[in-house]
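A closer look at the structure
Here is how the chains run, residue by residue.
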Amino acid sequence: MSAAPGRPKQARTAAGGEGTPVSVARPPEEARTAGRKAEGTPEFVPFLDLAAGYAELQADIEAAVLRSLRSARYIGGEEVEGFEAEFATFTGARHCTGASNGLDALSLALRAMDVGPGDEVIVPSNTFIATWFAVSQCGATPVAVEPIETTGNIDPARVAEAVTPRTKAIIPVHLYGQPADMDPLWAIARQHGLRVLEDAAQAHGALYKSRRVGATTDAAAWSFYPGKNLGAFGDAGALTTDDATLAERVRALRNYGSQQKYVSDVQGGNQRLDPVQAAALRVKLKALPRWNARRAEIAARYLKDLAGVEALGLPEVPQWATPVWHLFVVRTPHRDALQKHLAAAGVETLVHYPIAPHMQKAYAHAGYRLGQFPIAERLAAQVLSLPMGPHLTDAQQGYVIDTIRSFAPVAR
Ligand SMILES: Cc1ncc(COP(=O)(O)O)c(C=O)c1O
């Protein structure tokens, strides 16, 4: 049977996660047509439908991109400055400095905080590898701290135990769009004179105790990777901060260490935000609150309709947290089997992340061993990210839920 008219041959996913964009092939024909379809059942549920997001905003995005191209300002300029001002307002921070991507925003911030060789930076044991790489790129050492298993976010009690005289900074990650518990982290930082840099790559618009993340500490680094809640059409990132000196240093570091053309005060790099991306981001920023609200609706339904499913752990949301549900991540010891069951039914899922950073080959030199960070290792073995995004339809979500329930019967 051929695909229904208008349906893509491939999933339209550009991974809700990071790194190489993933385009997962459609499931096998027989799985999609296996005589289980009631009228109106979706044939394929993409993990994230980027094409639908583009279609919704197409006219405005294309007008903005054309405006940028026709301006002949291809580095910096009005679009970059406009986005920086608008994103600063959105987060509630005083300054926003655009950057080439989230990893660069993190490492620029650390460099601007004078983090370097000999320093330690506390990072979660379960995060996207960029958080660790940013530290390593500065010549400093990432010191892993385990998360609270049910929220996935760094455990402040363990952070307190990990501080040494060499600790320079803490990088909490608002993982999956759920804010980390910032007040105790901030208290530890003040007590020991540490900087706090939020990795807010997954949390555009999330609230911690009614405050937007990204404006509660020294600085926050953002990614606008296409699959993020606020995603560009290529790589892009930013740093937000209330600290004018830090913002200026990052501004210089991202531009050859230069504030005045051809005058370099420090050895900076080329890590600037592209104006065409900035123009498009300005359009998408306007849609972000609405799109986040739809994500919240979807999450609420998953939480309600998947409650009680046997051997399925759902994300726990502390009462002070307003997540933005970049990802909806469940935990189960039967992860691989559940993922296969969903794939056979045409439901695309991803794993964020299958290998904990300390077990990556990239850190083989550091001599970590299996079992050293058991929570991160268990999460890597058990997490599964369900379809989530502002354009997931009610019918698609219902189908995902039914498919999960048909795998794991409701506990009685
Ligand atoms: C938690 C986290 N930190 C950092 C990054 C790095 O962002 P980028 O891919 O834009 O470099 C990402 C996303 O990719 C991320 O999810």
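Scoring rules and cut-offs
- Residues numbered from 1 in each chain as written.
- Predicted model: local features only at pLDDT ≥ 70, side-chain atom pairs only at ≥ 80, totals over all residues.
- Heavy atoms only, no water.
- Helix = DSSP H or I, 4+ residues; strand = E, 2+ residues; numbered from the N terminus.
- Buried < 20%, exposed > 50% of the residue type's maximum accessible area, 1.4 Å probe, protein only.
- Contact = heavy atoms within 4.5 Å.
- 1 Å grid on protein atoms, 1.4 Å probe; cavity = no way out; pocket = protein on both sides within 12 Å on 5 of 7 lines; lining within 4 Å.
- Points joined across faces, edges and corners; volume = space filled by probe spheres on them.
- Nonpolar A, V, L, I, M, F, W, Y, C, P; charged D, E, K, R; others polar.
- Pairing = 2+ DSSP bridges.
- Axes fitted to C-alpha atoms, helices over the stretch in contact; angles between N-to-C directions.
- Expected span 1.5 Å × (residues − 1).
- Bend = angle between axes of the 7 residues up to and from the residue.
- Polar contact = N/O pair within 3.5 Å; in protein donor to acceptor, adjacent residues only side chain to side chain.
- Salt bridge = Lys/Arg side-chain N within 4 Å of Asp/Glu carboxyl O.
- pLDDT = per-residue confidence, 0-100.

**Considering the environment of Gly102**
Looking at the secondary structure, you find Gly102 in helix H4 (residues 102-112). Residue Gly102 is classed as buried on the basis of its relative accessible area, which comes to 11%. In sequence terms Gly102 and Ala221 are 119 residues apart; their C-alpha atoms lie 6.3 Å from each other. Discounting residues that sit within four places of it in the chain, Gly102 has contacts with Ala221, Trp222, Ser223, Ala236 and Gly237.

**Comments concerning the layout of surface pockets**
When its volume is computed, the largest pocket comes out at roughly 450 Å³. Around the largest pocket, the lining is made up of 21 residues, and of these Ile75, Arg254, Asn255, Ser258 and Arg272 lie nearest the centre. The set of elements that each furnish at least two residues to the lining of the largest pocket consists of helix H3 (78-91), helix H8 (244-253), strand S10 (258-260) and strand S11 (263-264). Classifying every residue of the lining of the largest pocket gives seven nonpolar, seven polar and seven charged.

**Structural notes on the sheet that holds strand S1 (residues 95-99)**
The sheet built from seven strands is open, its strands ordered S1-S9-S8-S5-S4-S2-S3 with mixed pairing. At either margin of the open sheet sits one strand with a lone partner, and together these are S1 and strand S3 (141-145). Looking at each pair of strands side by side, their axes are set apart by 25° on average, direction ignored. Taken together, the five bridges between S1 and strand S9 (residues 237-241) define a ladder with antiparallel strand orientation.

**Examining helix H9 (residues 275-305)**
An α-helix turns once per 3.6 residues; consequently, residues spaced three or four apart project the same way. With 31 residues, H9 ought to run about 45 Å at 1.5 Å a step, and its terminal C-alpha atoms sit 43 Å apart, in line with that. At Leu288, H9 is deflected by roughly 45°, the largest bend along its length, and proline Pro289 occurs up to four residues later in sequence. The N-terminus of H9 is capped by Asp274, whose side-chain oxygen sits 2.7 Å from the backbone nitrogen of Val276.

**Concerning the sheet that holds strand S6 (residues 207-208)**
The strand order S7-S6-S12 describes an open sheet built from three strands, whose pairing is antiparallel. In this open sheet, the two edge strands, each paired with only one partner strand, are strand S7 (211-212) and strand S12 (321-322). Direction of pairing for S6 relative to S7: antiparallel, over a ladder of two bridges. Paired with Tyr208 across the bridge in S7 is Arg211.

**What about the pattern of salt bridges?**
Per the stated rule, a full pass over the model turns up 21 salt bridges. The shortest N-O distance in the salt bridge between Glu79 and Arg67 comes to 2.7 Å. Taken together, the positions of Glu79 in helix H3 and Arg67 in helix H2 (residues 50-71) put the pair 12 residues apart, joining distant regions of the chain. What makes Glu79 buried here is its relative accessible area of 7%. Of the charged contacts in the structure, one is a salt bridge between Arg249 and Asp114, with a shortest N-O distance of 3.2 Å. Here the residue Arg249 occupies a position in helix H8, and Asp114 occupies one in the loop between H4 and strand S2 (120-124), the gap between them amounting to 135 residues. For Asp114, a relative accessible area of 46% corresponds to the partly exposed category. A single network of salt bridges, built from pairs that share partners, joins Arg67, Glu79, Glu86 and Arg282.

**Here we look at unusual backbone geometry**
Omega for the bond connecting His352 with Tyr353 falls within 30 degrees of zero, at 15°, which places this linkage in the cis form. Position of Tyr353 relative to the elements: it lies in the loop between helix H10 (335-344) and helix H11 (374-382). Even without a glycine there, the phi angle at Lys209 is positive, about 50°. You can see Lys209 is positioned in the loop between S6 and S7. You will see that Ser210, though not glycine, has its phi angle at about 70°, which is positive. Relative to the assigned elements, Ser210 resides in the loop between S6 and S7.

**Remarks on the confidence of the model for the chain**
Looking at the chain as a whole, the pLDDT averages 91, with 89% of positions reaching at least 70. Segment residues 1-17 is flagged for pLDDT under 50; beyond a separation of four residues in sequence, or across chains, it makes 48 contacts in the model. The low-confidence segment residues 19-36 (pLDDT under 50) makes 36 contacts with residues lying over four places distant or belonging to another chain.

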